[in-house]
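# Survey of secondary and tertiary structure
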Amino acid sequence: MDTWLPPSIFSPLILPPSIPTLKTPSPSILPALSSSSSSPVPSLTPPLPPSVELCAVLTDTRLTLDVYRGGAVVLPVLWSSVPGRLRGLQYLRLGSEDGRALEAALEILPHLTQLRSLAIRGHCFHDTHGDPLPGLLTSLPPSLSSLALLIHLDLSFNRLSSFPPCLLSLPLLSTLLLSHNRLTLLPSSFGPLPALRYLSVMGNGLVSLPPSLGQLKTLQTLDVSCNLLETLPVEVGDLEELLKLELSHNRLRTLPETMENLHSLRELMIHSNDLRVVPACLDKLPQLKVDLRNNPLGRPPTPPPQPPAPDPVETCLPELHLRLDQHRFCVSSSGCHVFLPGGAELLFPPGCLATVTRLQWVERKPGRKWVWLEEHDFLLSQPLELLPHGVLFKKPVEVCVPYHRSRRGEVVVRRFDGQLWTTLPTVTRRGSPRHSSRPGGRPARLACVSVDQFSWFVAVGRPVRDSCSLTSEGALLVSRSDPGIKLSFPPDSTDQTRIITLQVLQVSVTEVQVLSGDPQASVSPLLCLSQSPSMQFLQPIRVQVPLPSGLTGHTVDLSCLYLLHGDPSALSWTDITSQVTLHVTHLYAIFYITHFSWYWLWYTTQRCVSGMVRRVYQKLKQFRVQFLVLQRKADPRQVLLQCLPADKVDSRVAALSDRYDGPQPSDLCDLLEGEQFFAGFERGLDISADRPDCSEGRLSFVFYSCMKNLKEVYISPTQRQEGPVRGQVSFYRGEVPSDLPEEVARKRKGHDSQWLATLPLKLPGSNYDPGLEYPPLNLGDPESGYLTEANLLAISLQVGQDWRSIGINLGLSYQELERIQYKYRDDLGAMVLEMLFHWARGQQHGSAGGSGAVPQLVEAMMKSGRTDLAEEINDIVRLGTRKYKESLRRVGLEEEELPADRTAPP
């Protein structure tokens, strides 16, 4: 999500001179606040973002300040200006991601005595890695008890470690949300809250509930899920009005017998606990709906786990933090904890090496022809190569690969040994907060494996894989992702042991309806079954799957229910409804099979089922993408190219609209994960051929749904012209993957069968002066590091609010930065460009001709906390240096050398 980031609320702000700053109350302010959006309104310090008008967040009784980051700081400004307006507020929403802004807002809250609803929540916004920002609220002032009319209070996703005592002085409080905090105890008396009807304390650290809970006589919903509860107090049976009780994800082994008194209870969620038997007290509540999934029902009690032995590796290992330019390091026999740029970690235990050994790390660019992706896999990281290959360690070494957020399924690490890809047992966790590449930020997500030698490693997302060992005694396999899916193997179904594997792929019914053209279509999850060794079963295997969404055994029309059999090698689907006996219960469909493949239950009114299912499945495998081509408003010769999933386009265009102009997004195209395509400039447009990813006038892209597909280039007329140049940028497929669906392979939109989309561009003539032009800049040299003008422009796009810190670390004076800020005070992009190019011109004109400028820029980015930009600069330099060396080899000026212990990727 692209979120507007306001400037720091504690630094001096420079406002446009035409907008007055709101400082003191004035009779003229009140009409402005209540006027329409077209009337002039006062500005705030800090100002609201351009997309948010004051009248949109402040009405007669409602104030919403969690629409942008740092919004809580507006409350004290409004209070100092228009306190009369705020005294009548009844509804107030605050974000709690900014600690100092929140502290100032809490001082104002006791004065808003008419409040009836108050929300101070975290997780309203996300950081640059897509992780939600936690709330920073740790306590409430005692004076908050003056809000005697408060009915609704939401303090979720904060850092409350104790129950605020002032809440017990709110007699009208009806709804209290304290979920996802750090509570370990609840108050010993709830008597002062006689009106409470809804209480949520889910996601805390509660180990017990107080007997005072029984004092909440009017409570209708109680949510204590995701805690550490082992027992419930007997007083829970006194909650006579309770309708819903949420106890899931705890450690409950029994329930108190007093629960039989809860005659009003209609829903009891108690899944994911440690119940061995169904509590007898529930038999006396016949109208109760109970969810008992993921409990060890019927199993004998397990002995308590042994305390874990202390791990000397974690406490005694020395740490080694590598920079972006440090690709070689040494490890001795005493071991080491190595932190790589970008979040990766390597854990060498003591004794894994006999002597001091020199090791190396390199990040590779993924390629579909090289990285092995199975049918329903998607890439989550770039390949990490660790050298030298093949050297055996005496003890396993832990390799932790950072990965992007996985939307579904599980994360695994795959290793390439030079010939084959193998999937390793993987454990996911958060990285160490001590990692120097993320100072003050949230640690990276890591996929960790234990290996005995180095090679290539990559993180991959896939559907959850369940497996079991099948013997002649039979077995039962239940899916972890959907407990309603079960495989029952009767005795004597096999005469030799085999490994059974089950994967479940959840499918969107809405998407199926759109792709099939049948508004009544519905599907069950897709079952992918396999076994090793592969052979026929001696007895039929019972398969249970949920009925398609929205159907029950009483409403389903069996003539429209089809069972489809899929061949994963041929990617074909066959209707086998007439060949099996399909039993339908109230919620499930049951059938019997003798061999494994893919199975999919469909409900549709259409008749040509097999062909339709094949087409829908092929389209579900693809990513619907769109191309963006936008020209920078300050300089139309700077063009942003981007390839995005279809559902990300609108938000991205909205975020870029203030800095870029250009054509609308292209038509939707179908691309596969890892498919290569090109962007080519035509009809009078050209780009610099110095780019390492430019070949024959085309820029190379590889689409990965979870990674950036972004290029920014400088374009120019192919021949110098006086008038405007009209041209276009076209997108073409690269080499067609061998597993590309036939429907996509034969798609043809023009004279070139590889053509995807074309978007127009218009450049000004040679006499155009945009006001922000700079002479060509080329820093460094190809051997030690080289950046072109186009590279600097691409980097400047991502600098943003960190430009002053970067400028200081580059050696620019405070006076120079103040001059830049004053000159371009209305255009952040122009400030960044002026700062970066002012420094670059000084480096280029120096005595060394720019030598050493690139390492200086990388170091400045690291010191400013912009590790991402430092990594991007090193990637550009690495590609350029490799291209330069390859050109020398082609003309015979340098012999190609490869390490003897290194196996080149295919």
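Scroll up to find the structure.
Right, let's walk through the structure included here. What you see is a predicted model, and the numbers here were worked out from it, not measured in a lab.

What follows is about the pattern of salt bridges. The full count for this structure, using the stated rule, is 21 salt bridges. Between Asp377 and Arg414 there is a salt bridge, with its nearest N and O atoms 2.8 Å apart. One end of the pair, Asp377, is in the loop between β15 (357-363) and β16 (378-379); the other, Arg414, is in strand β19 (residues 410-416), with 37 residues separating them in the sequence. Grouping residues by exposure puts Asp377 and Arg414 together as buried.

A word on helix α13 (residues 814-823). Among the residues making up α13, those that are buried are Glu816, Leu817, Ile820 and Gln821. Mapping the buried residues of α13 onto a view down its axis gives an arc of 135°, with all of them on the same face. Along α13, the residues that are exposed and aim more than 90 degrees away from the buried face are Tyr814, Gln815 and Tyr822.

So, on to the packing of helix α7 (residues 509-516) against helix α8 (residues 609-621). Following both chains from N to C, one finds α7 and α8 inclined at 120°, their axes separated by 10 Å at the closest point. Judged by the angle between their axes, α7 and α8 are oblique. Read as a crossing pair, α7 and α8 show a hand that is right-handed. For the pair formed by α7 and α8, the contact residues are Glu511, Val512, Leu515 and Ser516 on the first element and Met612, Val616, Lys619 and Leu620 on the second. For the contact of α7 with α8, the class distribution of residues is five nonpolar, one polar and two charged.

Counting buried residues in strand β35 (residues 598-603) gives six out of six residues, a clear majority hidden from the surface. In β35, alternate side chains face the same way, and those of Trp598, Trp600 and Trp602 on one face and Tyr599, Leu601 and Tyr603 on the other are all buried. Taken together, the two bridges between strand β28 (residues 522-523) and β35 define a ladder with antiparallel strand orientation. The residue of β35 that forms the bridge with Ser522 is Tyr603. Across two bridges, strand β29 (residues 526-532) lies against β35 in antiparallel orientation. Bridging from a neighbouring strand, Leu527 pairs with Tyr599 of β35. Pairing of strand β31 (residues 561-567) with β35, which is carried by six bridges, proceeds in the antiparallel orientation.

On to the packing of aromatic side chains. All chains considered together, the criterion is met by 21 aromatic pairs. The interplanar angle of 55° and the centroid separation of 5.7 Å between the aromatic rings of Trp598 and Tyr617 together place this pair among those described as tilted. Of this pair, Trp598 sits in strand β35 while Tyr617 sits in helix α8, placing them 19 residues apart in sequence. For the residue pair Trp598 and Tyr617, the accessibility class agrees, reading buried in each case.

Rolled over the atoms, a probe sized like a water molecule indicates the empty space that remains. When its volume is computed, the second largest pocket comes out at roughly 580 Å³. Forming the boundary of the second largest pocket are 19 residues, of which Arg293, Val478, Pro483, Gly484 and Lys486 lie nearest the centre.

A few words on empty space enclosed by the protein. Applying the stated criterion across every chain yields a total of four cavities of 30 Å³ or more. Computed from the structure, the largest cavity encloses a volume of approximately 70 Å³. As for the largest cavity, its lining consists of Leu324, His327, Pro341, Trp361, Glu363, Glu871, Asn874, Asp875 and Arg878. For the lining of the largest cavity, the secondary structure elements donating two or more residues are β15 and α16 (867-890). When the residues that make up the lining of the largest cavity are grouped by side-chain class, the tally is three nonpolar, two polar and four charged.

What counts and what doesn't
- Chains are numbered independently. Their residues run from 1 in the order of the written sequence.
- Residue-level local features of this predicted model are given only where pLDDT is at least 70; pairs of side-chain atoms are given and counted only at 80 or more, and the full residue set underlies all totals for whole chains, interfaces and linings.
- Neither water nor hydrogens contribute to the side-chain values; these are computed over all heavy atoms in the structure.
- Salt bridges are defined by distance alone: a side-chain nitrogen of Lys or Arg within 4 Å of a carboxyl oxygen of Asp or Glu.
- Going along the chain from the N terminus, every DSSP run of H or I of four or more residues is numbered as a helix, and every run of E of two or more is numbered as a strand.
- Accessible area is worked out with a 1.4 Å probe on protein chains only. A residue is then buried under 20% of its type maximum, exposed over 50%, and partly exposed in between.
- Each C-beta atom gives one direction from the helix axis, and the arc is the one those directions make.
- Here, axes are lines fitted to C-alpha atoms. For helices the fit covers the stretch in contact, and angles between N-to-C directions go from 0 to 180 degrees.
- Oblique is the label for any angle not covered by the other classes, which are roughly parallel (under 35 degrees), roughly antiparallel (over 145) and roughly perpendicular (65 to 115).
- Left-handed describes a crossing whose near helix is turned anticlockwise from the far helix through less than a right angle; right-handed describes the clockwise counterpart.
- Two residues form a contact once any of their heavy atoms are found within 4.5 Å.
- Under the scheme applied here, ten amino acids are nonpolar (Ala, Val, Leu, Ile, Met, Phe, Trp, Tyr, Cys and Pro), four are charged (Asp, Glu, Lys and Arg), and all others, including Gly, are polar.
- Pairing between strands is defined by DSSP: at least two bridges between them are needed.
- Two rings belonging to Phe, Tyr or Trp (six-membered ring only in the last case) form a pair when the distance between their centres is within 6.5 Å. Interplanar angles under 30 degrees mark stacking, angles over 60 mark edge-to-face geometry, and anything in between is tilted.
- Only protein atoms enter the 1 Å grid used here, on which a cavity is any set of points holding a 1.4 Å probe that cannot leave and a pocket is any open set flanked by protein within 12 Å on both sides along at least five of seven lines; residues with an atom within 4 Å of a point are listed as lining.
- Grid points are joined across faces, edges and corners, and a volume is the space filled by probe spheres set on the points.

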